[in-house]
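# Fold and contact review
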Amino acid sequence: MNTEKKMLAAFILNLLFSVFEFFGGIFTGSIAILSDAVHDMGDAVSIGLSWLLEKKSRKAPDEEYTFGYGRYSVLGGVITAVILTVGSVFVIINAIKRLFQPSEINCDGMLVLAVIGAAVNLAATFFTHGDGSLNLRSVNLHMLEDVLSWSVVLVGAIVMRFTDFFLIDPIMSLGVALFILAGAVKNLRECAGVFLMKTPNTISPSTIKNAVLEIDGILEVHHVHVWSMDGENHCASVHIVCTEDTDEIKKQTRHTLEKAGIYHVTVETESPESFCENKLCTPHKKEKTRHHHR
């Protein structure tokens, strides 16, 4: 099953269950379930948008988007993270209110909903499992969090069923909401890093520079930039100073960067006598170049 179909399956499951859950929360009187119904509805909306944006991201590059549409997928991840953040804050506010005004809970109904909720979200987790885009990984993380939250609700319902300690309902709701909020903020930071052209965590520009310097004929490397299009496909640009056949050196440079996980490489070659006009570069002929000792 491809990424789009996985996300569509997760969307349908979450949408149907969030409606069922909303009425179940009213029936049981559980703020934890009502809060999670809002959370799951937010999940369903965000997954639906993410699915549409994932389809958009598969379009081939054109004159309008020469690098392709990959960042539409990241945009889906941003929307999902924002909705989860807002939903978590809403749940936290309502849970705090219920801490001071606890009410009786229909524990038997809560137990039934918790079992169904855990099963539905476990199925959604299965559909979204596996390698994929940052968008799909974000959705899968949310599904895992939902499985955890329903597991907590199940344990809480059992405790309340035998102890009548109804204060545990808002406490559970508060704990799960804080956990989800932390995950949402983390995902939002990752997506923001892509849009802000942050260097991918798995790639070190200094390591790349040293690897390129090992190629025979390259005297110096500067103006190294690495960024990601969508969290999976990375790009790089680099200036190299060389004295030998530039076509062969360019080929070796691209091969070196591809081994580092970079799929799109732009290489500019310069001679030792030339002057790099880019304002971000220090003129290489004023720098001490590195020579090789084989």
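Everything here concerns the structure above.
Residues numbered from 1 in each chain as written. Predicted model: local features only at pLDDT ≥ 70, side-chain atom pairs only at ≥ 80, totals over all residues. Heavy atoms only, no water.

As for its placement among the helices and strands, Ile47 is situated in helix H2 (residues 31–57). Under the relative-accessibility criterion, Ile47 is labelled buried at 1%. Ile47 sits 29 residues away from Gly76 along the chain, and the two C-alpha atoms are 7.9 Å apart. (Helix = DSSP H or I, 4+ residues; strand = E, 2+ residues; numbered from the N terminus. Buried < 20%, exposed > 50% of the residue type's maximum accessible area, 1.4 Å probe, protein only.)

Attention shifts here to the packing of aromatic side chains. Applying the stated criterion to the full structure yields five aromatic pairs. Relative to Phe23, the ring of Phe22 has its centre 5.7 Å away and its plane inclined at 80 degrees; by these criteria the two rings are edge-to-face. Note on Phe22: relative accessible area 39%, which makes it partly exposed. Each member of the aromatic cluster is reached from another via a ring pair, and the members are Tyr65, Tyr69 and Tyr72. One Lys or Arg, Lys56, reaches over the ring of Tyr72 and ends 5.4 Å from the middle of that ring. The ring of Phe162 has Arg161 sitting right over it, with the charged end atom 5.9 Å from the ring centre. (Phe/Tyr/Trp six-rings, centres within 6.5 Å; stacked < 30°, edge-to-face > 60°. Lys NZ or Arg CZ within 6 Å of the ring centre and 35° of its normal.)

Time to look at the nonpolar core. Membership of the largest hydrophobic core comes to 17 residues, with the highest contact counts inside it found for Ile208, Val212, Ile218, Val221, Ile240, Leu257 and Ile262. At the level of elements, helix H7 (205–213), strand E1 (218–228), strand E2 (234–242), helix H8 (246–259) and strand E3 (262–270) are the ones that each hand at least two residues to this core. The dominant element in this core, judged by the number of residues it contributes, is E2, at four residues. Leave out the neighbours within four places in its chain, and Ile262 touches Ile203, Ile208, Val226, His234, Cys235, Ala236 and Leu257. (Core = buried A, V, L, I, M, F, W, Y, C linked by side-chain atoms within 4.5 Å. Contact = heavy atoms within 4.5 Å.)

Moving on: the pairing of E2. Across the nine residues of E2, nine count as buried, placing the element largely inside the fold. Burial along E2 is two-sided: the residues His234, Ala236, Val238, Ile240 and Cys242 and Cys235, Ser237, His239 and Val241 are all buried. Where E1 and E2 come together, eight bridges link them in antiparallel fashion. Each bridged residue has a counterpart across the sheet, and for Glu220 the counterpart in E2 is Val241. Between E1 and the antiparallel strand that follows it, E2, lie five residues; Gly231 among them carries a positive phi value of about 90 degrees. Of the pairings in the sheet, the one linking E2 to E3 comprises eight bridges and is parallel in character. The residue bridging Ala236 from the neighbouring strand is Val265, located in E3. In this fold, the crossover linking E2 to E3 by way of H8 has right-handed handedness. (Pairing = 2+ DSSP bridges. Right-handed = clockwise from strand over helix to strand, strands pointing away.)

To continue, consider unusual backbone geometry. Comment: phi is negative for the bulk of residues other than glycine, and the bulk of peptide bonds are trans. The phi torsion at Met197 lies on the positive side, around 60 degrees, for a residue other than glycine. Along the chain, Met197 falls in the loop between helix H6 (168–195) and H7. Met197 sits in the partly exposed class, given a relative accessible area of 45%.

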